[in-house]
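# Structural overview
The lines below spell out each chain.
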Amino acid sequence: MKWGYIRDIWEFGDTLEIEDKHTGRYGARGQKREKRKKATPEDIKRQNQWKRERDVRRKIKKNFSKGDYWMTITYKKGSRPTWEEMKEDIQWLIRTVRRRYQKHGQELKYIYRLGIGKRGGPHIHILVNRFATKETGTDMIFTECWTKGHINIRTLYDAGGYKELAEYITKPMEEWEPEGIKRYHPSRNLVTVEPKRKEMNRRNLVDKQGQVIYPKAPKGYYVDPDSVRMGKNPITGFYYRHYTLIKLDRRI
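Basis of the calculations
Residues numbered from 1 in each chain as written. Predicted model: local features only at pLDDT ≥ 70, side-chain atom pairs only at ≥ 80, totals over all residues. Heavy atoms only, no water. Helix = DSSP H or I, 4+ residues; strand = E, 2+ residues; numbered from the N terminus. Contact = heavy atoms within 4.5 Å. Buried < 20%, exposed > 50% of the residue type's maximum accessible area, 1.4 Å probe, protein only. Lys, Arg positive; Asp, Glu negative; His and termini not counted. Salt bridge = Lys/Arg side-chain N within 4 Å of Asp/Glu carboxyl O. Pairing = 2+ DSSP bridges.

### A closer look at the environment of Ile246
Its place among the elements puts Ile246 in strand S11 (residues 239-247). Apart from residues lying up to four places away in sequence, Ile246 is in contact with Asp14, Thr15, Gly220, Tyr221, Tyr222 and Asp224.

### Some details on the side chain of Asp68
Here Asp68 lies in the loop between helix H1 (41-63) and strand S3 (69-74). No salt bridge is formed by the buried Asp68; the nearest opposite charge belongs to Arg130, separated by 6.4 Å. Once residues within four sequence positions are removed from consideration, Asp68 is found in contact with Asn63, Val128, Asn129, Arg130, Arg154, Thr155 and Leu156.

### Digging into the sheet that holds strand S4 (residues 110-116)
Strand pairing in a sheet is mediated by backbone hydrogen bonds. Such pairs are either parallel or antiparallel. Strand order across the open sheet formed by five strands is S6-S3-S5-S4-S7, with antiparallel pairing between neighbours. The open sheet terminates on both sides in strands that have one partner only, identified here as strand S6 (151-155) and strand S7 (185-186). Pairing between S4 and S7: two bridges, direction antiparallel. Paired with Ile111 across the bridge in S7 is Pro186.

### Things to note about the pairing of S3
Of all six residues that make up S3, five are buried, and the element is covered over most of its length. Inspection of the sheet shows S3 paired to strand S5 (residues 122-128) by six bridges, in the antiparallel sense. Following the sheet pairing, Thr74 is matched in S5 by His123. Pairing geometry for S3 and S6, over five bridges, is antiparallel. Residue Met71 lies in a different strand from S6, and its bridge partner there is Ile153.

### Description of the pattern of salt bridges
Opposite charge on two side chains permits them to pair, given that their charged atoms come into close proximity. With the rule as written, the count across this model stands at 15 salt bridges. A salt bridge links Arg54 to Glu19; the shortest N-O distance between them is 3.6 Å. Of this pair, Arg54 sits in helix H1 while Glu19 sits in strand S2 (residues 15-21); the two residues are 35 residues apart in sequence, bridging distant segments of the chain. Glu19 shares its class with Arg54; the two are buried. The closest approach of N and O atoms between Lys148 and Asp89, which form a salt bridge, is 2.8 Å.

As structure tokens, this is what we get:
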């Protein structure tokens, strides 16, 4: 049986990420099949950046909580380490912190990114999972181990949340930063979420006027308006709709 469109669903506790899309294989009622267009360099660049942001956002959602730490690690005033020295410093710090975590039966998870400010100030951003005991905790361990400067610590929530952090972590390198350097480095123990796929029978993403229909939340959820992205793929000519559902808090 043919269906109107495909729905992929990613589950993250109190949120669901939805991607609805028509496919060339099954078609879409009311839409004329268009010739595939050749992607421009700008199209490819924009699509690749969107995919990076999406994939990192989902990794953060799956592996970190709002109370985990987003740290900005800086160097002492006047210190100007090379890019390679910065890389060696953060790798040493991670190894040292990981051993401290293991002593407390904890597993360190992280995503880090090196950075150089406009004025040349070197810094490292790192997202880590948080733990605490009566004797110590993540903040104490990092500040004790890092002796080359200062560490500013905020929670993931206070740093802007999943979306803003994903955008920052994956943003293109600045023009003054070295070329060919990886944007970000996730730990190998991060879990990846696979979507559940549904076949949406006898339905369409567009109305009679050819406009993409705004998503409707099922009972118990609401649509995050800032997450809604919908339109026509400029390459395939098919429509799409992406959005996030957030579970309602029954206590409010």
